[in-house]
Amino acid sequence: MLVEPRATNTGENFTYTRDLLAQHGITVTSAVLISRPYQQRRAYATCKKIWPEIEVTCTSLPLSLDDYVESIGGVDRVINMLVGDTQRITEYAKKGFAIEQPYPDEVRAAFERLVDAGYTSRLI
């Protein structure tokens with residue numbers, strides 16, 4: 001088992017892990033990304049930006065929505081996290097940290113309504 005201890009963000013995690021594996025002569029053609037459900041899309045976009053040559057599959061712990069909300073600490077916290085991650089999908093692509101990803105106008109409208117309703121604690 002190899003451990004990459006230096007990363008402080010998702011992009012560094014992919015970069016340092018790729019470099020660590022290369023140092024050990026390990027060629028990677030595919031990866032499974034395990035993250036929180038709402039972070040899968042951003043993790044995928046970041047990985048494809050940094051490590052475009054590999055095939056990526058995303059997954060998370062299978063939980064019902066109610067169980068997930070309870071495990072995170074409540075509905076407001078989950079909504080704030082979703083809003084923040086939705087913003088990052090767009091903003092991180094603009095900054096060059098991730099690939100661009102289109103998303104439906106309905107999602108953009110819902111994001112704006114939630115921001116207007118005060119779910120802003122996780123915005124960048």
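My aim in this report is to walk through the structure given alongside it, one point at a time. It should be emphasised that the depicted structure is a prediction, and the values quoted were computed from it without experimental measurement.

### A look at the pattern of salt bridges
Under the counting rule described, the total for this entry stands at 3 salt bridges. Across the pair Arg-18 and Asp-19 runs a salt bridge whose closest N-O atoms are separated by 3.6 Å. For Arg-18, a relative accessible area of 25% gives the class partly exposed. Its salt-bridge partner being Glu-91, residue Lys-94 comes within 3.3 Å of it at the nearest N-O pair. On the criterion of helical spacing, the pair formed by Lys-94 and Glu-91 is a turn pair, its members being 3 residues apart in helix 4 (residues 75–94). Among the residues examined, Lys-94 registers a relative accessible area of 62% and is labelled exposed.

### Structural notes on the nonpolar core
If you look at the biggest cluster of nonpolar residues, it comprises 10 residues: Phe-14, Leu-21, Ala-31, Leu-33, Ala-43, Cys-47, Ile-50, Trp-51, Ile-54 and Val-56. With 3 residues, helix 2 (residues 40–50) is the largest single contributor of residues to this core. In this structure, Phe-14 is in contact with Leu-33, Ala-43, Thr-46, Cys-47, Ile-50 and Trp-51, ignoring residues within four places of it in sequence.

### Description of the pairing of strand 2 (residues 55–59)
Pairing between strand 1 (residues 30–34) and strand 2: 5 bridges, direction parallel. Among the inter-strand pairings, Ser-30 is bridged to a residue of strand 2, identified as Glu-55. The handedness of the strand 1 to strand 2 crossover, carried by helix 2, is right-handed.

### A look at the packing of helix 3 (residues 65–72) against helix 4
The N-to-C vectors of helix 3 and helix 4 enclose an angle of 95°; their axes lie 8 Å apart at closest approach. As judged from the angle between their axes, helix 3 and helix 4 are roughly perpendicular. Each of Tyr-68, Val-69 and Ile-72 in helix 3 lies in contact with helix 4, whose residues at this interface are Val-75, Arg-77, Val-78 and Met-81.

### Details of the packing of helix 1 (residues 10–23) against helix 2
Relative to each other, helix 1 and helix 2 sit at 45°, their axes nearing to 9 Å. By the angle class used here, helix 1 and helix 2 are oblique. Note that helix 1 runs across helix 2; the crossing there is right-handed. Of the residues in helix 2, those in contact with Thr-10, Gly-11, Phe-14, Thr-15 and Arg-18 of helix 1 are Arg-42, Ala-43, Thr-46, Cys-47 and Ile-50. When the residues that make up the contact of helix 1 with helix 2 are grouped by side-chain class, the tally is 4 nonpolar, 4 polar and 2 charged.

### Concerning the environment of Arg-122
One can find Arg-122 in the segment after helix 5 (105–116). Here Arg-122 falls in the partly exposed class, since its relative accessible area comes to 35%. For the pair formed by Arg-122 and Ile-89, sequence separation is 33 residues and the distance between their alpha carbons is 13 Å. Setting aside residues up to four positions removed in sequence, Arg-122 forms contacts with Arg-77, Asn-80, Met-81, Gly-84 and Arg-88.

Rules behind the numbers
Residues numbered from 1 in each chain as written. Predicted model: local features only at pLDDT ≥ 70, side-chain atom pairs only at ≥ 80, totals over all residues. Heavy atoms only, no water. Salt bridge = Lys/Arg side-chain N within 4 Å of Asp/Glu carboxyl O. Buried < 20%, exposed > 50% of the residue type's maximum accessible area, 1.4 Å probe, protein only. Helix = DSSP H or I, 4+ residues; strand = E, 2+ residues; numbered from the N terminus. Core = buried A, V, L, I, M, F, W, Y, C linked by side-chain atoms within 4.5 Å. Contact = heavy atoms within 4.5 Å. Pairing = 2+ DSSP bridges. Right-handed = clockwise from strand over helix to strand, strands pointing away. Axes fitted to C-alpha atoms, helices over the stretch in contact; angles between N-to-C directions. Parallel < 35°, antiparallel > 145°, perpendicular 65-115°, else oblique. Left-handed = near helix turned anticlockwise from the far one by under 90°. Nonpolar A, V, L, I, M, F, W, Y, C, P; charged D, E, K, R; others polar.

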